[in-house]
Amino acid sequence: MNETEAPTRHFIQQLVDQDIASGRWGAPGDGSVVRTRFPPEPNGYLHIGHAKAIWLSFSIAEEFGGSCNLRFDDTNPAAEEDEFVRSIIEDIRWLGYRWDGARDDDPMAGVRFASDYFQKMYDHARELIGKGLAFVDDQTPEQIRATRGTATEPGTPSPFRDRPVDENLELFERMRLGEFPDGSKVLRAKIDMASPNFNLRDPVLYRVLHAPHHRTGEAWKIYPMYDWAHGLEDSYEGITHSLCTLEFENHRPLYDWLLDQLDGVHHPQQTEFARFAPTYVVTSKRKLKQLVDENHVSGWDDPRMPSISGLRRRGYTPESIRAMCAEGGVTKFNAKVDYVRIENSVRDHLNKTAQRRMAVLDPLKLTITNWDELGEPGRIEELDAINNPEDEAGGTRAVPFGKNLVIERADFIEQAPNKKWFRLAIGKEVRLRYGYWVRCNEVVKNDAGEIVELLCTYDPTTRGGESPPPDGEGKVRKVKGTLHWVCADDCIGAEVRLFDRLYTSEQPGKATGDHLGDLNPDSLSVVTGAMLERELAGAAPGDRFQFERVGYFCVDPDSTPERLVFNRTVTLKDSWARAADKGEKR
RNA sequence: UGGGGAUUGGUGUAAUCGGUAGCACGAGGGAUUCUGAUUCCCUUAGUCUGAGUUCGAGUCUCAGAUCCCCAACCA
């Protein structure tokens, strides 16, 4: 393999390539026949683990010029709700995907539901019964479980296995009409009680369930099981490539068997791929729900949640999530994804797109003592700042500069520990970004001995942050450090929410069995006294910025025009902090 | 201890006919820089194990190890 060759294609692309070339689904070479689907169950919110499945099915369809359906697999009314339907639709659209039939004026346009096919599925079940391949079983759930056998022993056939076809048909109809209580009867396929694959040991196809359904209401008293429903849904929709995660591998023989028994039905190809497991995150619906229900987070869209809505609120971009999915590759290996990778993907995108602003999260007063001597006393100057050095079209803005400023408390130390300290200290000079160079001469402390104010002088020849003119010997003075700052007399206040990872361990609960035990008690800290440059005043929820030298931030929906609230999406990389950490250990 | 899947640097992924183990992220170092950011350069480290076939094995054969999934009327 050398560099001039095309990038390699993952195994699913290769499989579709072959199908298109051979004309398996249509005329050879016609990629438009490719039809995929994303089939969520509406029983929870989408999370980052789903993003890969969404990305895969939509991108395969897009690449070949085919289409991808959004279909809700709503076959279990006990768990499913419309709220989840709405949120899933919103999340997929936000990620930037449009399913077959989608329209921008109606979020429900083109959306499909398994429940739309209940009648067809019922009719096909009758066909199966008619062929002697399914029967009504009167056994209790316990009896069915007890007779399924073990890994090494075959199961024993149900005493009702050889019920006559007519009787099966009649009982199935009566099940449908609600004549039997929950759990009293099921429809089972008649396959092989000795199969080493449990899924083939006369699997249950329908159960009696007297529960109202979010779409069909009271119409049905029986509901199809996943294995019966899913293949039919794929078949009815003309799906060619049914992509799912690895845990369904054992189900493929049943998927194929069921479709093979029916006359004249389309038979899609199921192919399994590995999901990915980000570190420091849980992606089980049960655990995520627990976090919400037990108030460990503020809700499904808490910015610390790995839900799509949480990531959105945190400030992640759809582009960065898609890029991360693509970079991970598609394999059958259950891989973990280092959380720094997720952070890097959003840094990458935001670095190119986010406008820069200055914000001081932990303000320390900095007073310029020679300000009034060297010009109009109390004046505020307007200085130009570049909005985005990565994007010339971003333009510039004016930032006010005056006698009374604030800088980040962490950017000052009385005595510089060594020559690697680029920031401010007594006797040292730094550049205030886009402002002036200042030298600290003195600190003011309160009774408790805490530093409350820095007394500095500025060099008027460094306006805009430029280097001063050379001295008499032609030498130019230099500074190592550039600090962000805000003009205390012309700024706005804000609340800033800083997030750290929700868990302290890579695989929460792995060691203890309880993910809650690994919760990070410091995953949220709220800064109420941040001071921001006034340009941020009009920021609206969802707006993203880089606060220079601090990180990327996104306006939270809790924000009001009077009181801005920012979420920290991710910090900037900080090699100084890392070096300092190492220094401490020495 | 039945069946199904998997295993390549720290992490992820490529090598498609048996022919130089490549790329990305991370980590370490350096250059540039009005963000200790970005960008750029260099370095680092790998074929699960053991046999076998072969001039030659990540790739083929055999044996073994480890990990994941499966005995819901969930999906």
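All values reported here derive from a predicted model rather than from experimental measurement.

1. Details of the confidence of the model for chain A
Part 1 of the reasoning: With 98% of its residues at a pLDDT of at least 70, chain A reaches an overall mean of 95.
Part 2 of the reasoning: For this predicted complex, the interface score ipTM comes out at 0.96, while the overall pTM is 0.95.

2. As for a positive patch on the surface
Part 1 of the reasoning: A contiguous patch of positive charge, built from K419, K420, K478 and K480, is present on the exposed surface.
Part 2 of the reasoning: You can see K420 is positioned in the loop between strand 17 (404-408) and strand 18 (429-432).
Part 3 of the reasoning: When its relative accessible area of 54% is taken as the criterion, K420 is described as exposed.

3. Regarding the protein's contact with RNA strand B
Part 1 of the reasoning: Taken together, 65 residues sit near RNA strand B, with T75, R356, R431, G464 and Q546 positioned nearest.
Part 2 of the reasoning: Going through the elements one at a time, helix 5 (141-146), strand 6 (204-208), strand 11 (335-337), helix 12 (339-353) and helix 13 (575-585) are the ones with two or more residues in the surface near RNA strand B.
Part 3 of the reasoning: Counting residues per element, the surface near RNA strand B draws most heavily on helix 13, which supplies 4 residues.

4. Comments concerning the packing of aromatic side chains
Part 1 of the reasoning: A full pass over the atoms with the stated rule returns 21 aromatic pairs.
Part 2 of the reasoning: Their ring planes at 25° and their centres at 5.0 Å tell us that F58 and Y97 sit as a pair that is stacked. Separated by 39 residues along the polypeptide, F58 in helix 2 (residues 48-64) and Y97 in the loop between helix 3 (82-95) and strand 3 (112-113) bring together distant segments of the chain.
Part 3 of the reasoning: The exposure class of F58 is buried, given its relative accessible area of 5%.
Part 4 of the reasoning: Judged by centre distance (5.2 Å) and plane angle (65°), the rings of F172 and Y206 are edge-to-face. Here Y206 lies in strand 6 and F172 lies in helix 6 (residues 165-177), a separation of 34 residues in the sequence.
Part 5 of the reasoning: A relative accessible area of 1% means that Y206 is categorised as buried.
Part 6 of the reasoning: Feature note: the residues F118, Y122, F172, Y206, W220 and Y223 constitute an aromatic cluster, connected by ring pairs.
Part 7 of the reasoning: One cation-aromatic arrangement involves R312 over W94; the distance from NZ or CZ to the ring centre is 5.3 Å.
Part 8 of the reasoning: One residue, R322, lies across the ring of Y97, its end atom 5.8 Å from the ring centre.

5. A look at empty space enclosed by the protein
Part 1 of the reasoning: If you walk through the whole model with that rule in mind, you get 2 cavities of 30 Å³ or more.
Part 2 of the reasoning: Reported here for the largest cavity is a volume of approximately 50 Å³.
Part 3 of the reasoning: Around the largest cavity, the lining residues are Y226, D227, H230, G231, H251, R252, L254, Y255 and Q270.
Part 4 of the reasoning: Elements that contribute at least two residues to the lining of the largest cavity include exactly helix 7 (226-236) and helix 8 (252-261).
Part 5 of the reasoning: Here the lining of the largest cavity gets 4 residues from one element, more than from any other, and that element is helix 7.
Part 6 of the reasoning: Within this model, the second largest cavity holds a volume of roughly 30 Å³.

6. Concerning the layout of surface pockets
Part 1 of the reasoning: Each pocket or cavity is described by its volume, and for the largest pocket that value is around 1200 Å³.
Part 2 of the reasoning: In this structure, the largest pocket is lined by 31 residues; those nearest its centre are R423, R549, D574, W576 and A577.
Part 3 of the reasoning: Contributions of two or more residues to the lining of the largest pocket are made by strand 27 (564-571) and helix 13.
Part 4 of the reasoning: Among the elements that take part in the lining of the largest pocket, helix 13 stands out by supplying 7 residues, more than any other.
Part 5 of the reasoning: Partitioned by chemical class, the residues of the lining of the largest pocket number 11 nonpolar, 7 polar and 13 charged.
Part 6 of the reasoning: In this structure, the second largest pocket spans a volume of roughly 670 Å³.
Part 7 of the reasoning: What lines the second largest pocket is a set of 31 residues, and nearest its centre among them are P39, P40, E41, F248 and K285.
Part 8 of the reasoning: Counting residues per element, the ones that place at least two in the lining of the second largest pocket are strand 1 (35-38), helix 2, helix 7 and strand 8 (241-245).
Part 9 of the reasoning: The leading source of residues in the lining of the second largest pocket is helix 2, at 4 residues.

7. Considerations on the sheet that holds strand 20 (residues 451-459)
Part 1 of the reasoning: Sheet architecture is open: 7 strands sit in the order 21-18-19-20-14-17-22, paired in mixed fashion. The open sheet has two free edges, formed respectively by strand 21 (482-483) and strand 22 (485-487), since each of these has just one partner strand.
Part 2 of the reasoning: In this sheet, strand 17 lies alongside strand 14 (residues 363-368) in antiparallel orientation, the contact comprising 5 bridges. Along strand 17, the bridge assignment pairs L366 with L405.

8. Digging into the sheet that holds strand 25 (residues 544-547)
Part 1 of the reasoning: Read across the sheet, 7 strands follow the order 12-25-26-27-23-24-13 without closing on themselves; strand pairing throughout is mixed. Since the sheet does not close on itself, it has two edges, and those belong to strand 12 (355-357) and strand 13 (359-360), each with one partner.
Part 2 of the reasoning: Sheet topology places strand 23 (residues 491-499) next to strand 27; 4 bridges connect them, and they run parallel. Its bridge partner lying in strand 27, E495 is registered against V565.

9. Details of the packing of helix 2 against helix 11 (residues 318-328)
Part 1 of the reasoning: For the pair helix 2 and helix 11, the least separation of the axes is 9 Å and the interaxial angle reads 75°. By the angle between their axes, helix 2 is roughly perpendicular relative to helix 11. In contact with I48, A51, K52 and W55 of helix 2, helix 11 contributes I321, R322, M324, C325 and A326.
Part 2 of the reasoning: Tallied by class, residues from the contact of helix 2 with helix 11 come to 7 nonpolar, no polar and 2 charged.

Reading the values: rules and limits
- Sequence positions are assigned chain by chain, starting from 1 and proceeding in written order.
- Ligands are numbered from 1 and chains lettered from A, in the order in which they are written.
- At least 70 in pLDDT is required for a residue's local features to be given in this predicted model, at least 80 for side-chain atom pairs to be given and counted, and no such filter applies to totals for whole chains, interfaces and linings, which use all residues.
- Water and hydrogen atoms were dropped before computing side-chain values, which therefore reflect all heavy atoms in the structure.
- Known as pLDDT, the predictor's per-residue confidence is scaled from 0 to 100.
- Excluding any residue in a salt bridge, patches collect residues exceeding 30% relative accessible area, merging like charges within 9 Å and nonpolar Val, Leu, Ile, Met, Phe, Trp and Tyr side chains within 5 Å.
- Areas reported here follow the Shrake-Rupley algorithm with a probe of radius 1.4 Å; residue values treat only the protein chains shown as occluding.
- Take a side-chain nitrogen of Lys or Arg and a carboxyl oxygen of Asp or Glu: if they are within 4 Å of each other, that pair is a salt bridge.
- The charge count treats Lys and Arg as positive and Asp and Glu as negative. His and the chain ends do not count.
- Where a charge lies is defined by one atom per residue type: Lys uses NZ, Arg uses CZ, Asp uses CG and Glu uses CD.
- Helix and strand assignments follow DSSP, with helices taken as H or I runs no shorter than four residues and strands as E runs no shorter than two, numbered in order from the N terminus.
- Categorising residues by exposure relies on relative accessible area from a 1.4 Å probe, with only protein chains included: less than 20% of the type maximum marks a residue as buried, more than 50% marks it as exposed, and the intermediate range marks it as partly exposed.
- Note on definitions. A residue lies near a molecule or strand when any single heavy atom of the residue is within 4 Å of it.
- In this analysis, rings of Phe, Tyr and Trp, with Trp reduced to its six-membered ring, are considered paired at centre separations within 6.5 Å, and the interplanar angle assigns stacked below 30 degrees, edge-to-face beyond 60, and tilted for intermediate values.
- The rule is short: NZ of Lys or CZ of Arg within 6 Å of the ring centre and within 35 degrees of the ring normal puts a charge over the ring.
- Within this scheme a cavity is a closed region of a 1 Å grid, computed over the protein atoms alone, that accommodates a 1.4 Å probe without allowing it to escape, whereas a pocket is open but has protein on both sides within 12 Å along at least five of seven lines; lining residues each have an atom within 4 Å of a point.
- Grid points are joined across faces, edges and corners, and a volume is the space filled by probe spheres set on the points.
- Gly is put with the polar residues, along with every residue not named as nonpolar or charged; the nonpolar set is Ala, Val, Leu, Ile, Met, Phe, Trp, Tyr, Cys and Pro, and the charged set is Asp, Glu, Lys and Arg.
- Note on pairing: DSSP must find at least two bridges between two strands before they are called paired.
- Axes, fitted as lines to C-alpha atoms, cover a helix only where it is in contact. Angles between the N-to-C directions of the axes lie from 0 to 180 degrees.
- The scheme is simple: roughly parallel for angles under 35 degrees, roughly antiparallel for over 145, roughly perpendicular for 65 to 115, oblique for anything else.
- Should any heavy atoms of two residues lie within 4.5 Å, those residues are counted as being in contact.

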